[in-house]
Amino acid sequence: MKHESASMSIKPKSAMPAAQSAAPVNPLDPAQMLSLRHWDAQAGAPASQTGGEVVVDCGWGRLIFGQTFSDPKRLADTLQAEAPGRRDLALYLRDPQVVVSLAPQQLFIDPSFTYRLDLAITPAPASADNWRIRQAHADDAPEMIRIYRSRGMVSPLPGFFDKELDREHLDLLVAERRDGSLLGTVTGVDHRRIFNDPDNGSSLWALAVDVQADTPGVGEALVRALANLYRERQRSFLDLSVLYDNTDAITLYEKLGFVRVPVWCVKNKNPINEPLYTGPDTCSELNIYARILVQEARRRGIGVEVIDAEHGYFRLSLGGRSIVCRESLSEMTSAIAMSRCDDKRVTRRVLAAAGLRLPEQVEAGHGTAFLDFLKRHARVVVKPARGEQGRGVRVDIRDEENLIDAVEAARNFCETVIIEAFAEGDDLRIVVINHEVVAAAIRRPPEVAGNGKATLRELIERQSRRRARATGGESRIPLDRETESTLAAAGYTFDDVLPEGVSLRVRRTANLHTGGTIHDVTAELHPALADAAVVASRALDIPVVGLDFMVTAANQPNYLIIEANERPGLANHEPQPTAERFIDLLFPQTRSSQRTTETRHAI
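This structure is a prediction, so every number in the text was calculated from the model and none was measured. (Residues numbered from 1 in each chain as written. Predicted model: local features only at pLDDT ≥ 70, side-chain atom pairs only at ≥ 80, totals over all residues. Heavy atoms only, no water.)

### A few points about the overall build of the protein chain
Next, step 1: When helices and strands are counted, the protein chain shows 18 helices and 28 strands.
Next, step 2: What you see for the protein chain is a C-alpha radius of gyration of 27 Å, in line with the 25 Å of a compact globule of 603 residues.
Next, step 3: Over its C-alpha atoms, taken along the principal directions, the protein chain stretches across nearly 90 × 60 × 40 Å.
Next, step 4: In the protein chain, which comprises 603 residues, the proportion classed as buried is 52%.
Next, step 5: Counting only contacts in the protein chain whose residues sit at least 6 apart along the sequence, the fraction spanning at least 24 positions is 71%.
Next, step 6: On the protein chain, roughly 25800 Å² of surface is accessible, and the fraction owed to carbon and sulfur atoms is 48%.
Next, step 7: Charge separation in the protein chain, taken as the distance between the mean sites of 73 positive and 82 negative side-chain charges, equals 1 Å. (Helix = DSSP H or I, 4+ residues; strand = E, 2+ residues; numbered from the N terminus. Rg over C-alpha atoms; globule rule 2.2 N^0.38 Å. Buried < 20%, exposed > 50% of the residue type's maximum accessible area, 1.4 Å probe, protein only. Contact = heavy atoms within 4.5 Å. Areas by Shrake-Rupley, 256 points an atom, 1.4 Å probe, with all protein chains shown as cover. Lys, Arg positive; Asp, Glu negative; His and termini not counted. Charge placed at Lys NZ, Arg CZ, Asp CG, Glu CD.)

Below you can see the structure in the form of structure tokens.
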């Protein structure tokens, strides 16, 4: 497949000719542009110019063009007719404060800025060698939905893409890797084609880049490509809305030539928008693993008290019930269950007694007898008997010198060190809550992509910053001996330049805290793996557990269980409802009467 420039021209969907521009000389002048004149409801007689009140389904919700409404009560009523689970919004309103005053308990002014790009000065195209931008196809829907959900965005309902991709007023673009997987997506709305917009405008929505993307510049390239598409159609401007505190996005848009314009957005007070109208987040100091649970609790009206933000402790209260948690570890997990997971030797004995399959394992001791274990297995893993987040773990050790060094390093974290037979395959994490499989994901070690210019040190630091942003600072790639050793095994050092187009794995382990990425495989999980996970949770007698498997593939029955985590991270498992099921466990009376996602396995 030949991959062109990331801002390649996108051909129109049909032979429909582009409308000739009717825009004023300056699309940034509020006195001339109907879309910028937010005062004087009668000015311009909007309904007579546009053919009526205009509402467009964009998948995530409806885009309501406020300048086409002459009656603020009609606009307020239309906005309140929002469907469940959608995120409608009204833009370009005449006197937005009047509209909100008609339903102050239901409506609010969104704390976002509107930016406009004068398409007469469209920025230069961006280039990409290992991916391209193209129009979306109906069969891209699953990947696009996955990307939306990875970013916590509302995704279109089933069937939306089938009927909307052929609509002339919507333009969905995707960024595609060479292997056909998607890196990101953006939606454009052509105002001229919808209602013969007197301002000859267009707008950008639902820009989303895969949270696991290892390629920089995808979002910028999608913006450039959409701007060029509308410039070719002779549109006058491209608008977008961005939260006032999204400084990274605002910096990018201003670099591309966007400027702020006086346009306000009005939305409904619904659970999706709750963080936008409830005031400052009092739980913002919690890490991402605690915050996802606290946010779900708040949505259900459960009281939240942060006890120790630095270490993830909080108390949830509802009625007469109060439960203290540390991230996903709650008072419902007994001390005995926690101790079974805390010591990997005990975990192994409990799971083996339940008939589950585990790799062979020995304690290192303080002599050199453990070297015989390496001779028998050729490849081994070293790990502290107690510990978490991959600290002190060394994988795929093949010689005595490195084995002795790894054992000594592991003793810095725990006096007792385990040596385990190395298992080939994929690293699979299965999350079990209340003895039901809720999520399954393949975890992959971090990789970087070469550009022929940057050193490996620079590439790793850039990818580490991307992983930190995507995980609220929880995931970073350390420039330590393990990373250095992984590079050396591939014939590189930190100061070498990775050739353009070459991808290189920079860690052996897939732990998320050291830069690993996570990829949902719940839908394809083999029943034998799900059953093994549930048997393990019951054997450990633990209500919430993350089980680490080594598997040949997620849809195959072969496995070895290598670890059980009593405090698994429930973030980054989108689209699976991990936080919802956790709060269901703690406060079953708040559980939805109809689950949005069916639990797949329980025995």
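There is more to say, and it comes next.
### Some remarks on the confidence of the model for the protein chain
Next, step 1: Across the protein chain, the average pLDDT comes to 87, with 90% of residues at or above 70.
Next, step 2: When the elements of the protein chain are averaged for pLDDT, strand E28 (residues 601-602) gives the smallest value, 42, and helix H17 (residues 527-540) the largest, 98.
Next, step 3: In this model residues 1-24 is a low-confidence stretch, pLDDT under 50, and it forms 67 contacts with partners more than four residues away in sequence or in other chains.
Next, step 4: Taken together, the stretch residues 43-48 has pLDDT below 50 and engages in 11 contacts with residues farther than four places along the chain or on a different chain. (pLDDT = per-residue confidence, 0-100.)

### Quick word on the sheet that holds strand E9 (residues 201-209)
Next, step 1: Strand order in this open sheet of seven strands is E6-E7-E8-E9-E10-E5-E11, and the pairing throughout is mixed. A strand with exactly one partner marks an edge of an open sheet, and here the two such strands are strand E6 (131-135) and strand E11 (259-261). Across the sheet, the mean angle from the axis of one strand to that of its neighbour is 30 degrees, orientation sign disregarded.
Next, step 2: By the bridge criterion, six bridges tie strand E8 (residues 182-190) to E9 in an arrangement that is antiparallel. (Pairing = 2+ DSSP bridges. Axes fitted to C-alpha atoms, helices over the stretch in contact; angles between N-to-C directions.)

### Focus on the packing of helix H10 (residues 288-299) against helix H18 (residues 578-586)
A packed helix pair is summarised by two numbers, namely the angle formed by the two axes and the spacing between the axes.
Next, step 1: Look at H10 against H18: their axes get within 9 Å of each other, and the N-to-C directions meet at 65 degrees. Relative to H18, the crossing made by H10 is right-handed. Between H10 and H18, the residues in contact are Ile292, Leu293, Glu296 and Ala297 and Ala579, Glu580, Phe582 and Ile583, respectively. (Left-handed = near helix turned anticlockwise from the far one by under 90°.)

### Describing the pairing of strand E5 (residues 112-118)
Next, step 1: Among the seven residues of E5, six are classified as buried, and the element is accordingly described as predominantly covered.
Next, step 2: The sheet contact formed by E5 and strand E10 (residues 237-243) spans seven bridges and is antiparallel. Its bridge partner lying in E10, Asp118 is registered against Phe237.
Next, step 3: Pairing geometry for E5 and E11, over three bridges, is antiparallel. Its bridge partner being in E11, Tyr115 is matched across the sheet by Arg260.

### What to know about the pattern of salt bridges
Once the charged atoms of two side chains with opposite charge are near each other, the side chains can pair.
Next, step 1: Evaluation of the coordinates by the stated rule reveals 44 salt bridges.
Next, step 2: Through salt bridges with shared partners, a single network forms among Glu168, Asp171, Asp190, Arg193, Arg233 and Arg235. (Salt bridge = Lys/Arg side-chain N within 4 Å of Asp/Glu carboxyl O.)

### Describing the side chain of Arg86
Next, step 1: Topologically, Arg86 is positioned in the loop between helix H2 (72-80) and strand E3 (89-91).
Next, step 2: With no salt bridge to any partner, buried Arg86 finds its closest opposite charge in Asp57, at an N-O distance of 6.5 Å.
Next, step 3: Excluding residues that lie within four positions of it along the chain, Arg86 makes contacts with Gly59, Trp60, Gly61, Val154, Ser155, Pro156, Leu157, Asn270 and Ile272.

### Examining the packing of aromatic side chains
Next, step 1: Taken as a whole and assessed by the stated rule, the structure comprises seven aromatic pairs.
Next, step 2: Centre to centre, the rings of Phe108 and Tyr277 are 5.2 Å apart; their planes meet at 50 degrees, and the pair counts as tilted. Here Phe108, found in strand E4 (residues 107-109), pairs with Tyr277, found in helix H9 (residues 274-277); they are 169 residues apart in sequence, far enough to count as distant.
Next, step 3: Overall, the relative accessible area of 6% leaves Phe108 in the buried class.
Next, step 4: Directly above the aromatic system of Phe237 lies the positively charged group of Arg116, at a separation of 3.5 Å from the ring centroid. (Phe/Tyr/Trp six-rings, centres within 6.5 Å; stacked < 30°, edge-to-face > 60°. Lys NZ or Arg CZ within 6 Å of the ring centre and 35° of its normal.)

### With respect to the packing of helix H11 (residues 335-342) against helix H12 (residues 344-353)
Next, step 1: Closest axis-to-axis distance for the H11/H12 pair is 5 Å, and the angle between their directions is 105 degrees. Judged by the angle between their axes, H11 and H12 are roughly perpendicular. Between H11 and H12, the residues in contact are Arg340, Cys341 and Asp342 and Lys344, Val346, Thr347 and Val350, respectively. (Parallel < 35°, antiparallel > 145°, perpendicular 65-115°, else oblique.)

### Looking at the environment of Arg116
Next, step 1: With respect to the helices, strands and loops of the structure, Arg116 is situated in strand E5.
Next, step 2: Under the relative-accessibility criterion, Arg116 is labelled buried at 0%.
Next, step 3: For the pair Arg116 and Arg508, spaced 392 residues apart in sequence, the C-alpha to C-alpha distance is 45 Å.
Next, step 4: At 2.9 Å, the side chain of Arg116 and the side chain of Ser35 are in polar contact.
Next, step 5: Within polar-contact distance, the side chain of Arg116 engages the side chain of Asp239 at 2.6 Å. (Polar contact = N/O pair within 3.5 Å; in protein donor to acceptor, adjacent residues only side chain to side chain.)

### With respect to the sheet that holds strand E18 (residues 380-384)
Next, step 1: Taken in spatial order, the four strands make up an open sheet running E17-E20-E18-E19, and their pairing is antiparallel. Of all strands in the sheet, those bounded by a partner on one side alone are strand E17 (361-363) and strand E19 (394-397). Taking each pair of neighbouring strands and ignoring which way they run, the sheet shows an average axis angle of 25 degrees.

### A look at helix H7 (residues 218-232)
For the α-helix, the turn length of 3.6 residues means that residues three or four positions removed from each other point alike.
Next, step 1: With 15 residues, H7 should reach 21 Å at 1.5 Å per residue; the first-to-last C-alpha distance of 21 Å fits that figure.
Next, step 2: Of all 15 residues in H7, 13 are buried; the element is thus mostly enclosed.
Next, step 3: Remark: Gln234 follows H7 within two positions and exhibits a positive phi of approximately 70 degrees. (Expected span 1.5 Å × (residues − 1).)

### Quick notes on unusual backbone geometry
Next, step 1: For Asn196, which is not a glycine, the phi torsion comes out positive at approximately 55 degrees.
Next, step 2: Under the relative-accessibility criterion, Asn196 is labelled partly exposed at 46%.
Next, step 3: Phi at Asp396 takes a positive value of approximately 60 degrees, unusual for a residue other than glycine.
Next, step 4: Mapped onto the elements, Asp396 comes out in strand E19.

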